Amino acid sequence: MKEWLRTLPKAELHLHIEGTLEPELMFELAARNGIRLAWQSVEALRAAYDFDSLQSFLDLYYRGMSVLCTQQDFFELAMAYFERAHDDGVVHVELSFDPQPHLERGVTLQTILAGLESACDEARRRFDISSALIMSFLRDRPAQEAMAVLEQAAPWYDRLAAVGLDSAEVGNPPEKFTAVFERARALGLARIAHAGEEGPADYISGALDALDVCRIDHGVRCLEDEALVARLHSEQIPLTVCPLSNVYLKVFERLESHCLPALLDNGLCVTLNSDDPAYFGGGMLANFMACHEAFGWDEDAFRELSRNALEAAFIDDQRRERLL
Ligand code: HPA
Ligand code: ZN
């Protein structure tokens, strides 16, 4: 099954590029940029990957990404990810990036985007992997800051597939960002948002109503609201579910108790993704294999999940047809 799953053409729609930073590269970049890390070694860092919540992960995630300084750093980060994704049989990737923590350290949007874009170009040439960029706002920071970042990104609007919303969910409902997403809509940018990972089902409805999003990242808590499930079903809103991430962050205790089978039983448009593969036990193939082992899904089930992702992707129709 693993080899069959590897050859299945897969699209990854929920991927934080900063969450692909493996400890070895983190230490290499820290040394190159003269940055002192809080951990003594790669092993000590890996031992710290013991999360009990989204926040405990985010604390480490933001500390880790502080080694990214130059265009070359962002290029190497993304290329290392693309090489692993290619080995996993991924043919299309939508990379989210979090500008705010980088801008705060004096790293410019130009540095981030030039590095990521050149990696996307090389991935297309070397691996025939297509890609799209999603600029995410941190929901635990002020909405005015997100608005300023959106304005600052003007030179790149035509190269952003969408804007997104991530970071600490509980206490930061989508409505906080209504004006920012309204502005993104006026600029012609597509919108997506994390919702219903740790936050309640209300945040999923809120993201649909207040932010007018076309996809929901995670969305696993939708099952707590029957009317919402009916809506997600009738509108076939794609959910970018991240099985291993949900287990690592204790959204579900074990994969066997994950709600994925129930989401499918309800006829929802589910996709499988890796979220932050360096931190959550592996990339797309590891997530697909874990689901095969936990749920006993067969080839037809995975074909449908992959088709859902390609249909929900920000990709031109010609390429979509070719990959489907
Ligand atoms: N949830 C919210 N924010 C994030 C995540 C996540 O899983 N990964 C990186 N930023
Ligand atoms: Zn995420």
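Read on for an overview of the structure. (Residues numbered from 1 in each chain as written. Chains lettered and ligands numbered in written order. Predicted model: local features only at pLDDT ≥ 70, side-chain atom pairs only at ≥ 80, totals over all residues. Heavy atoms only, no water.)

**Some remarks on the packing of aromatic side chains**
We count it as follows: The pairing test for Phe, Tyr and Trp rings, Trp by its six-membered ring, is centres within 6.5 Å, and the orientation test on the planes gives stacked under 30 degrees, edge-to-face over 60, and tilted for anything in between. Secondary structure elements are taken from DSSP: a helix is a run of H or I of four residues or more, a strand is a run of E of two residues or more, and numbering for both begins at the N terminus. To sort residues, take the accessible area from a 1.4 Å probe on protein chains only and compare it with the maximum for the residue type: under 20% means buried, over 50% means exposed, and anything in between is partly exposed.
Under the criterion given, the structure shown has 15 aromatic pairs. For the ring pair F57 and F280, a centre distance of 4.7 Å and an interplane angle of 55 degrees mean the geometry is tilted. Note that F57 is positioned in helix 4 (residues 54–64) and F280 in the loop between strand 8 (270–272) and helix 14 (284–295), a separation of 223 residues in sequence. Both residues of the pair, F57 and F280, count as buried. Taken together, a centroid distance of 5.8 Å and an interplanar angle of 55 degrees make the contact between Y81 and F82 tilted. Here the two residues Y81 and F82 agree in accessibility, since each one is buried. Put simply, the rings of Y49, F51, F57, Y61, Y62, Y248, Y279 and F280 pair up and form one aromatic cluster.

**Here's the deal with unusual backbone geometry**
Although it is not a glycine, S167 adopts a positive phi angle of roughly 80 degrees. Positionally, S167 belongs in the loop between strand 4 (162–166) and helix 9 (178–186). On the accessibility criterion, S167 (7% relative accessible area) is buried.

**Focus on the site of ligand 1**
Here is the rule: Consider each residue's heavy atoms; a residue with any of them within 4 Å of a molecule or strand counts as near. N or O atoms closer than or at 3.5 Å make up a polar contact, with two conditions inside protein: a donor-capable atom paired with an acceptor-capable one, and, for residues adjacent in sequence, both atoms drawn from side chains. What sets the accessible areas is the Shrake-Rupley method with a 1.4 Å probe; for residues, cover comes only from the shown protein chains. We call Asp, Glu, Lys and Arg charged. Ala, Val, Leu, Ile, Met, Phe, Trp, Tyr, Cys and Pro are nonpolar, and the rest, Gly among them, are polar.
In the vicinity of ligand 1, the contacting residues are H16, L54, F57, L58, Y61, D166, S167, H194, E197, H218, D275 and D276. Between ligand 1 and E197, the relevant distance is 2.8 Å, taken from a nitrogen atom to a side-chain nitrogen or oxygen of the residue. Against a free-state accessible area of 260 Å², the protein chains account for coverage of 100% of ligand 1. Considering every element that reaches the shell around ligand 1, the biggest residue donor is helix 4, with four residues. Of the residues that constitute the shell around ligand 1, the class distribution is four nonpolar, four polar and four charged.

**Some thoughts on the pairing of strand 3 (residues 130–138)**
Note the cut-off: Two strands qualify as a pair provided that DSSP identifies no fewer than 2 bridges between them. Seen with the strands pointing away from the viewer, any crossover whose path from the first strand over the helix to the second strand runs clockwise is right-handed.
Counting buried residues in strand 3 gives eight out of nine residues, a clear majority hidden from the surface. As judged from the six bridges shared by strand 2 (residues 90–97) and strand 3, these two strands associate in the parallel manner. Bridging across to strand 3, L95 finds its partner in L133. In terms of strand pairing, strand 3 meets strand 4 through five bridges, oriented parallel. Considered in strand 4, the bridge of L138 is made with D166. Traced from strand 3 through helix 8 (residues 143–152) to strand 4, the parallel crossover comes out right-handed.

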